[in-house]
Amino acid sequence: MRSTTYTAVCAVAILVMILAGMQVATAVTCQATELAPCASAISSSSPPSKQCCVKIKEQRPCLCKYIRNPSLRGYVTSPNAKKVAKTCGVPIPKC
């Protein structure tokens, strides 16, 4: 009985340590202006900056929202935008 209790306590302690080490996900604010660092790369087909890649990765959960917006769709789905996203390692979702 003691062995079972000890094993259960150890398992719970390990689980708590694992959960405590996990980072809490923060909510993303979907604002297309957050992608401003990517504007020159999208408009001129120049390579994206590190800041652009950081921002496009942050905004990844918002891409479908931008694609569904008629005012933004053309920017997000343009060939240059797709190239920037690919360079940054962010797939353009099919929404």
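Each value, and the rule that gives it
- Residues numbered from 1 in each chain as written.
- Predicted model: local features only at pLDDT ≥ 70, side-chain atom pairs only at ≥ 80, totals over all residues.
- Heavy atoms only, no water.
- Disulfide = S-S within 2.5 Å.
- Helix = DSSP H or I, 4+ residues; strand = E, 2+ residues; numbered from the N terminus.
- Core = buried A, V, L, I, M, F, W, Y, C linked by side-chain atoms within 4.5 Å.
- Buried < 20%, exposed > 50% of the residue type's maximum accessible area, 1.4 Å probe, protein only.
- Contact = heavy atoms within 4.5 Å.

Engineer: Can you help me understand the state of the cysteines in this one?
Structural biologist: Among covalent bonds in proteins, the disulfide is the one between the sulfur atoms of two cysteines. A complete count under the given rule lists four disulfides for this structure. Sulfur-sulfur distance for the disulfide between C30 and C62 comes to 2.0 Å. On the sign convention where negative is left-handed, the bridge of C30 and C62, at about -80° about the S-S bond, is left-handed. Taken together, the positions of C30 in the loop between helix 1 (2-21) and helix 2 (39-44) and C62 in the loop between helix 3 (50-58) and helix 4 (63-68) put the pair 32 residues apart, joining distant regions of the chain.

Engineer: Hey, could you run me through the nonpolar core in this one?
Structural biologist: Nonpolar side chains tend toward joint burial in soluble globular proteins. In terms of nonpolar packing, the biggest core is built from 15 residues, with I56, L63, Y66, V76, V84, C88 and V90 touching the most fellow members. Those elements that place two or more of their residues in this core are helix 3, helix 4 and helix 6 (79-88). In this structure, L63 is in contact with V76, V90, P91 and P93, ignoring residues within four places of it in sequence.

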